[in-house]
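Here is what each chain is made of, one letter per residue.
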Amino acid sequence: MKPIYVIKPFIDESDVRAVTDAARNGWGGGARKYIKQFEEDFAKYIGTKYAVASMNGTAALHLALVALGIGKGDEVVVPSLTYISCANVVRYTGAEPSFVDSHPDYWCMDPEKLEESINKKTKAIMPVHVYGHPCDMDKIMKIAKEHDLYILEDCAESHGATYKGRMTGTFGDISCYSFFGNKVLTTGEGGMSNTNDEKLCEDMMKLRTHGVSSLTKSNYEFDRVGYNYRMTNFQAALGSSQLRKIGKVIAKRRKVAQMYKKHLKDNEKITLMPKMKWANPVYWLYTILVDHNENRNRVMEELKKNGIDSRPAFPSIPLQKPYINHKKYVDTYRIAYDIGRKGINLPSSYNLTDADVGRICNIIESVVN
Ligand SMILES: *Cc1c(COP(=O)(O)O)cnc(C)c1O
């Protein structure tokens, strides 16, 4: 039996040609061309005025927080159920994350609990569209407005997902993307920070190159301490090429979700991935909840024995060592905690067949039943 990965990126000959072209021609002044092109293409796809490319999604988030002026003494509200980057980037700036639990129906941050995590120090909310399902943005935007907070959308798992028909990534002051090898659009490693604000765009572009004084003159003059977070021309060339077929990739993700649903919908020990009425998710990783933690672990072991890769859902971040001072984590962040213990990310690649999904589901059911 061929091994099945959680995600195998969809790379075709046009991608190979794009990267080869960048290797031949993308040097000196030529490198800039590929990066500018990808930024323009990606801003257009999402529907923002600007996009700033960087070397990975974590760098994209960090640039965004620094550009928004967040630092020591500030707090940023981060969901409990997400990738560790979201909390780490807040710490990079000297600020502290404050956590909010998941909504039981759709796993993203619960707007009803959001205000409990907001205080005088809070400067921003970071909604994360977890596993490709959008947050309830109307409710989050309303709270942000009432408390005068920035919104930094983390769309690293939601390229192309929509909320009430509107693209995720168009709500925030800045929205950030990852193009890591397992994301919906990949450049190997890569990131993007989208915004409609010209000043934020310029600041992020300067911060990306050590805090240069001018984006046009290469005169080694600097206004502040920035970073080297640049994207390479290879990544950018691959990004533009990948973007041309993102529609196909997303359509297949949605089809894979239907396949899992068809096979598993009648099993009462399994909770399928949610889909709210107002959401058109992209199912970055198709994720189910198994009735309890031991069964979840047994399912993963059994899949592994059969050459099928899977991942546990994100363990709640307040539970991780750098953040464990959030003492009451289990009760305060109960929903995220449970999802982290019961959830499995199942194979979700472009090349997955209905027969593959059937085989995966048979193994899952043989363990839980
Ligand atoms: C992948 C991911 C990131 C980080 O992206 P990298 O490119 O790996 O640095 C940030 N946030 C979320 C929600 C992610 O899934």
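First things first, this report covers the structure right here in the doc. Computed from a prediction, not measured in an experiment: that's the story for all the values here. (Residues numbered from 1 in each chain as written. Predicted model: local features only at pLDDT ≥ 70, side-chain atom pairs only at ≥ 80, totals over all residues. Heavy atoms only, no water.)

Let's talk about the overall build of the chain
Rule in force here: What counts as a helix is a DSSP run of H or I of at least four residues, what counts as a strand is a run of E of at least two, and both are numbered from the N terminus. Three labels apply to residues, based on accessible area from a 1.4 Å probe with only protein chains included: buried if under 20% of the type maximum, exposed if over 50%, partly exposed otherwise in between. A contact between two residues is defined here by any heavy atoms of the two lying within 4.5 Å. Each accessible area value is a Shrake-Rupley result obtained with a 1.4 Å probe; residue values ignore everything except the protein chains displayed when judging cover. Counting rule applied: Lys, Arg positive; Asp, Glu negative; His and chain ends not counted. One atom stands in for each charge, and that atom is NZ of Lys, CZ of Arg, CG of Asp or CD of Glu.
Helix and strand counts for the chain come out as 13 helices and 14 strands. C-alpha atoms of the chain, sized along the principal axes, occupy 65 × 55 × 35 Å. Each of the 369 residues in the chain was classed as buried or not, and the buried ones make up 57%. Pairs at least 24 apart in sequence give 69% of the contacts found in the chain among residues at least 6 apart. Surface summary for the chain: the accessible area is close to 16,400 Å², and the carbon and sulfur share equals 51%. Distance between charge centres in the chain, computed from 52 positive and 43 negative side chains, equals 3 Å.

Observations regarding the packing of aromatic side chains
The condition that has to hold: For Phe, Tyr and Trp, where Trp contributes only its six-membered ring, two rings pair if their centres lie within 6.5 Å, and the inter-plane angle classes them as stacked under 30 degrees, edge-to-face over 60, or tilted in between.
By the definition in use, this model includes 19 aromatic pairs. Look at tryptophan 27 and phenylalanine 234: their rings are 5.7 Å apart centre to centre, the planes differ by 75 degrees, and that puts the pair in the edge-to-face class. With tryptophan 27 in the loop between helix 1 (13-25) and helix 2 (30-46) and phenylalanine 234 in helix 8 (residues 233-243), the pair connects residues that are 207 residues apart, well separated along the chain. Residue class for tryptophan 27 comes out exposed when judged on its relative accessible area of 52%.

Observations regarding the packing of helix 10 (residues 293-305) against helix 13 (residues 354-368)
We count it as follows: Angles run from 0 to 180 degrees between N-to-C directions of axes, and those axes are lines fitted to C-alpha atoms, restricted for helices to the stretch in contact. Every angle not falling under 35 degrees, over 145, or within 65 to 115 is termed oblique; those three ranges are roughly parallel, roughly antiparallel and roughly perpendicular. In this scheme, a crossing is called left-handed if the near helix is turned counterclockwise away from the far one by less than a right angle; it is called right-handed if the turn is clockwise. Each residue gets one of three labels, nonpolar for Ala, Val, Leu, Ile, Met, Phe, Trp, Tyr, Cys and Pro, charged for Asp, Glu, Lys and Arg, and polar for the others, Gly among them.
Where helix 10 meets helix 13, the closest approach of the two axes is 9 Å, and the angle between their N-to-C directions is 135 degrees. Considered as vectors, helix 10 and helix 13 are oriented oblique to each other. Both helix 10 and helix 13 take part in a crossing whose hand is right-handed. Residues Asn295, Arg298, Val299, Glu302 and Leu303 of helix 10 lie in contact with helix 13, whose contacting residues are Ile360, Ile363, Ile364, Val367 and Val368. Grouping the amino acids of the contact of helix 10 with helix 13 by side-chain chemistry returns 7 nonpolar, 1 polar and 2 charged.

Looking at the pattern of salt bridges
The criterion, for reference: The working definition used for a salt bridge is a side-chain nitrogen of Lys or Arg within 4 Å of a carboxyl oxygen of Asp or Glu.
Within the structure shown, the criterion is met by 19 salt bridges. The residue glutamate 40 makes a salt bridge to lysine 36 at a minimum N-O spacing of 3.4 Å. Linking glutamate 40 with lysine 36, this pair stays in helix 2, spanning 4 residues, or about one helical turn. Aspartate 309 is paired through a salt bridge with arginine 311; the nearest N and O atoms lie 3.1 Å apart. Arginine 311 sits in the partly exposed class, given a relative accessible area of 40%. Salt bridges linked by common partners bring Asp12, Asp15 and Lys245 together as one network.

Some thoughts on the pairing of strand 14 (residues 343-346)
Put simply, the test is: Pairing between strands requires that DSSP locate at least two bridges from one strand to the other.
Of the two faces of strand 14, the one lined by Gly343 and Asn345 and the one lined by Ile344 and Leu346 are each fully buried. The pairing of strand 12 (residues 286-290) with strand 14 spans 4 bridges and is antiparallel. Its bridge partner lying in strand 14, isoleucine 288 is registered against isoleucine 344.

Let's talk about the sheet that holds strand 6 (residues 162-163)
Judged by pairing direction, the sheet is antiparallel, and its 3 strands sit side by side in the order 7-6-11 without closing on themselves. Each of the sheet's edge strands pairs with one partner strand only, and the pair in question is strand 7 (166-167) and strand 11 (279-280). Of the strand pairs in this sheet, strand 6 and strand 7 are connected by 2 bridges, and their pairing is antiparallel. Counterpart to tyrosine 163 in the pairing with strand 7 is arginine 166.

Let's talk about unusual backbone geometry
For histidine 210, which is not a glycine, the phi torsion comes out positive at approximately 60 degrees. In this structure, histidine 210 sits in the loop between helix 7 (198-208) and helix 8. Its identity is not glycine, yet tyrosine 283 carries a phi of approximately 50 degrees, on the positive side.

Some remarks on helix 3 (residues 57-67)
Our working definition: A 3.5 Å cut-off defines polar contacts: any pair of N or O atoms within that distance qualifies, except that in protein one atom must be a possible hydrogen donor and the other a possible acceptor, and neighbouring residues in sequence count only when both atoms are side-chain atoms.
The buried count for helix 3 comes to 10 of 11 residues, which makes it a mostly enclosed element. At the N-terminal boundary of helix 3, the capping side chain belongs to asparagine 56, with an oxygen 3.0 Å from the backbone nitrogen of threonine 58.

What about the side chain of serine 178?
Relative to the assigned elements, serine 178 resides in strand 8 (residues 174-178). You can call serine 178 buried: its relative accessible area is 7%. A distance of 3.2 Å separates a polar side-chain atom of serine 178 from the backbone nitrogen of phenylalanine 180. Apart from the residues lying within four places of it in its own chain, the contact partners of serine 178 are Gly57, Ala156, His159, Lys183, Leu185, Gly190 and Gly191.

Description of the environment of alanine 161
With respect to the element layout, alanine 161 can be found in the loop between strand 5 (150-154) and strand 6. Alanine 161 gets classed as buried once you look at its relative accessible area, which sits at 0%. Expressed as a C-alpha distance, the spacing of alanine 161 and histidine 133, which sit 28 residues apart in the sequence, is 7.0 Å.

Remarks on the sheet that holds strand 12
Across the sheet, 4 strands lie side by side as 10-12-14-13; this open sheet has antiparallel pairing. If you trace the sheet from one side to the other, it starts and ends with strand 10 (270-271) and strand 13 (311-312), each paired once. Strands strand 10, strand 12 and strand 14 of the sheet are contacted by helix 9 (residues 246-264), whose axis makes an angle of about 25 degrees with strand 12. Lying over the sheet, helix 10 contacts strand 12, strand 13 and strand 14, oriented at roughly 25 degrees with respect to strand 14.

Limitation: the analysis is restricted to geometry and does not speak to function.
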